[in-house]
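# Structural characterization, general
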Amino acid sequence: MSDILAREKQDVEKPDRILRFGKADRIEHAIQVVTFVGLGLTGLVQKFFEAGFSQWVIESLGGLPQVRVIHRWLATVLMLAVIWHFGKAGYRTYVEKRPRAMVPSMKDWVAIKESIAFLAGKRHEPVKQGRFTFAEKVEYWSFVWGTVLMIATGYMLWNPITTAKFLPGDFIPAAKAAHGGEALLAVLAILVWHIYHVHIKHFNKSIFTGYISRQEMVEEHGLELEAIEAGLSGPQATATEMAERRRRFWPAFGVAALIMLVGTWWFITYEETSIATIEPIEDVVAYKPLPPELRGNGGPALSEDNPLPTIVIPDTTVPTDTSVPDPTGNESWATVGPLLADACSSCHSSSNARGGLDLSSYGATLAREGVVVAGDPASSLLITVLEAGGHPGRLAAADLALVASWISAGAPLEGEPAAPSSWDGAVGTAVILRCGACHSDTVALGGIDLSSLEAVLASGDVVVPGDADASRMVLVQEAGGHPGEFTADELATIRQWIESGAP
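Residues numbered from 1 in each chain as written. Predicted model: local features only at pLDDT ≥ 70, side-chain atom pairs only at ≥ 80, totals over all residues. Heavy atoms only, no water.

## Looking at the nonpolar core
Inside soluble globular proteins, nonpolar side chains tend to come together where they are buried. Spelled out, the test is: To qualify as a nonpolar core, a set must consist of buried Ala, Val, Leu, Ile, Met, Phe, Trp, Tyr and Cys residues joined through side-chain atoms within 4.5 Å. The classification of residues rests on relative accessible area computed with a 1.4 Å probe and restricted to protein chains. Under 20% of the type maximum is buried, over 50% is exposed, and intermediate values are partly exposed. Numbering of helices and strands starts at the N terminus; helices are DSSP runs of H or I of at least 4 residues and strands are runs of E of at least 2. Residues count as neighbours in contact if any of their non-hydrogen atoms are within 4.5 Å of one another.
Judged by nonpolar contacts, the single largest core of 22 residues is most densely connected at Leu340, Val372, Leu382, Leu395, Val403 and Trp406. If you list the elements that add at least two residues to this core, you get α14 (333–344), α16 (381–388) and α17 (397–408). Setting aside its immediate chain neighbours within four residues, Val403 contacts Val336, Leu339, Leu382, Ile383 and Leu395. Counting residues in each nonpolar core, the second largest holds 20 residues, with Val456, Leu491, Trp497 and Ala502 among its members.

Here it is as structure tokens:
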């Protein structure tokens, strides 16, 4: 310190060059420049990682994981520099009893007002300011505020699990937004405020060389120049006082520095959650496309190597004629409904109305315009589509003739009673479709297996042949609220099937 005093005295004798910053100040500034530029660069390329410049920087530095490691190393150096700054500021204030030159005061408000008057031409001379101008104080305290915010939010991002133990999880994305926003604000402030006052207004080299010209002192720090020339600058404590204060300062600061160093070590090593970089997500096929015969627009066909295991593929073969009665012209929905349920319910039901077409009930079938044109089978899509062939759901020729006869008769709801249904027709289809998810040979909830006629008849009173009112299948469905529910037409068919002996 005596060297600085000697040099300051020597500078007074050489008025054209005055020592402004010692070596410690210049080293600290150099560290701040390196860490600030490095943190800003490695942080903003992560914030705007999609930009071309960001991609170039990331690749040049060895990839994103390496960028994140560099960012954290620089943050660690910044925190150590902050501890050093606390010690240096404490030494000057407590040991040397120097004035708190960086603390804002009313003189700064006066300086702002008089500087505006000078720039407006209402004042002939620039305002005299002390060791630090109001512009330098604004920049310093902005840096202090920004550093506190960046360390606090950086801790949350560095240790998200620990943060979530004490704060709501929303604080973590909020910390990320604040961290990135403050970084962008700090970089813009340096580019605008600092670059203008230090490099454009006039190139102030004192932070690099330590010295400032007398003319610059007159213009920027007139009050400090007057204090230097009056011998009032430098430490205000005597040599004896400084020796006594040093004996108290160093132990106290040593303990404080040790606590801060331990805190810094805990900060950077407590979690590795955000250190590890997750490998990019691998693109995988999450679904199987429908075969071309179902989509009608090309695509890979089903094969042993390209199965479609998770959907029901309707049988596209034309059913063989069974012993259905010849058309009489007296067909009703009771005759046609089971045929459509058997052939079409996998794609056109109340729960799976592909193409918006529901053929599970009389009302739903006639509600879709053009599907059934009463009295005109040739204009009914139900007939024309099935007759054209190629449709997944198919009817045997005799069944299709019954449907066409029903349409020719005006597509009535009521008519002569149809022949009783059997398990192999609409009944089995409806039961397996509605109940198979919970009552099958592989999943038999409540011990009930409804996967075959034999299994149904072996399930106790689920179906009591000849007595629908004693059959639990009917009673449960009529009570409503069961997860798998028959439509009204399906339930009527099942009741009729049971009354006819459940064939």
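Here the narrative resumes, following the displayed structure.
## Quick word on the environment of Val464
Along the chain, Val464 falls in the loop between α19 (453–457) and α20 (472–479). Using a relative accessible area of 25% as the deciding quantity, one classes Val464 as partly exposed. Separated by 34 residues in sequence, Val464 and Ile498 have C-alpha atoms that sit 7.0 Å apart. Residue contacts for Val464: discarding those within four places in its chain leaves Ala470, Ser471 and Ile498.

## Observations concerning the packing of aromatic side chains
Basically, it comes down to this: Any Phe, Tyr or Trp ring, taking Trp's six-membered ring, that has another such ring centre within 6.5 Å forms a pair; planes under 30 degrees apart are called stacked, those over 60 apart edge-to-face, and the others tilted.
All told, the structure shown has 14 aromatic pairs when counted by the stated rule. Between Tyr155 and Trp266, the aromatic rings sit 5.4 Å apart at their centres with planes inclined by 25°, giving stacked as the arrangement. One end of the pair, Tyr155, is in helix α6 (residues 134–158); the other, Trp266, is in helix α12 (residues 239–269), and 111 residues separate them in sequence. Looking at Tyr155, the relative accessible area reads 17%, which means it is buried.

## Description of the pattern of salt bridges
Condition: Note on definitions: salt bridges are taken to be side-chain nitrogens of Lys or Arg within 4 Å of carboxyl oxygens of Asp or Glu.
Enumeration over the complete set of coordinates arrives at 17 salt bridges. Between Arg20 and Glu224 there is a salt bridge whose closest N-O contact spans 3.1 Å. On the criterion of sequence distance, the pair formed by Arg20 in the loop between β1 (17–19) and α2 (23–47) and Glu224 in helix α11 (residues 222–229) is long-range, its members being 204 residues apart. Arg20 gets classed as buried once you look at its relative accessible area, which sits at 4%. Given a relative accessible area of 9%, Glu224 falls into the buried group. Linking Glu244 and Arg248 is a salt bridge whose minimum nitrogen-to-oxygen distance equals 3.1 Å. Placement of the pair is Glu244 and Arg248 together in helix α12, with a separation of 4 residues, close to one helical turn. Accessibility expressed as a relative area gives 32% for Glu244, which makes it partly exposed. Bridged by salt links that share partners, the residues Arg20, Arg131, Glu136 and Glu224 form one connected network.

## Some details on the environment of Ile268
Its place among the elements puts Ile268 in helix α12. With residues up to four places along the chain from it excluded, the contact list for Ile268 reads Thr76, Met79 and Trp158.

## Overview of helix α18 (residues 423–435)
Here is the rule: Multiplying 1.5 Å by the residue count of a helix minus one yields the expected span of that helix. The term bend refers to the angle at a residue between two fitted axes, each drawn through seven residues, those ending there and those starting there.
When the terminal C-alpha atoms of α18 are compared, their 14 Å separation across 13 residues is substantially less than the 18 Å that a helix rising 1.5 Å per residue should span. Thr429 marks where α18 bends most, by close to 25°. Every buried residue belonging to α18 is among Trp423, Gly425, Ala426, Val427, Gly428, Ala430, Val431, Arg434 and Cys435, and all of these are buried.

## As for a nonpolar patch on the surface
Note the following rule: A patch is a set of surface residues, each over 30% in relative accessible area and not in a salt bridge, joined within 9 Å for like charges and within 5 Å for the nonpolar side chains Val, Leu, Ile, Met, Phe, Trp and Tyr. The accessible surface values rely on the Shrake-Rupley method and a 1.4 Å probe; as for residues, cover is taken only from the protein chains in view.
On the surface, a cluster of nonpolar side chains totalling about 620 Å² of accessible area is made up of Phe48, Val138, Leu184, Leu188, Leu191, Val192 and Trp193. Residue Phe48 is classed as partly exposed on the basis of its relative accessible area, which comes to 38%.

## Remarks on α11
What counts is decided by this rule: What the arc describes is the spread of directions from the helix axis to the C-beta atoms.
Within α11, the full set of buried residues consists of Gly222, Glu224, Leu225 and Ile228. The arc that holds every buried residue of α11, seen down its axis, measures 160°, which confines them to one face. Two residues or fewer past α11, Gly231 is found with a positive phi of approximately 75°.

## Focus: the side chain of Lys137
The following threshold applies: Any pair of nitrogen or oxygen atoms within 3.5 Å is treated as a polar contact; in protein, a donor-acceptor pairing is required on top of that, and neighbouring residues in sequence qualify only through side-chain atoms on both sides.
Tracing the chain through its elements places Lys137 in helix α6. In terms of polar contacts, Lys137 uses its side chain to reach the backbone carbonyl oxygen of Val103, at 3.3 Å. When near neighbours in sequence (up to four residues on either side) are disregarded, Lys137 contacts Ala101, Met102, Val103, Pro104, Asp108 and Phe132.

## Thoughts on unusual backbone geometry
Negative phi characterises most residues that are not glycine, and trans characterises most peptide bonds. Positive phi is not limited to glycine here, since Lys97 has a value of about 55°. Assignment of secondary structure puts Lys97 in the loop between α4 (64–95) and α5 (106–119). Residues other than glycine seldom take positive phi values, yet Ala502 does so here, at roughly 55°. The class of Ala502 is buried, set by a relative accessible area of 5%.

## Topic: the packing of α6 against α12
Heads up, the condition is: Axes here refer to lines fitted to C-alpha atoms; in helices the fit is confined to the stretch in contact. Angles between the N-to-C directions go from 0 to 180 degrees. Roughly parallel means an angle under 35 degrees; roughly antiparallel means over 145; roughly perpendicular covers 65 to 115; every other angle is labelled oblique.
Here α6 crosses α12 at 40°, and the two axes come no closer than 9 Å. When the axis of α6 is compared with that of α12, the two are oblique. Together, Ile151, Gly154, Tyr155 and Trp158 of α6 and Trp266, Phe267 and Ile268 of α12 make up the contact between the two elements.

These values are about where atoms sit, not about what they do.
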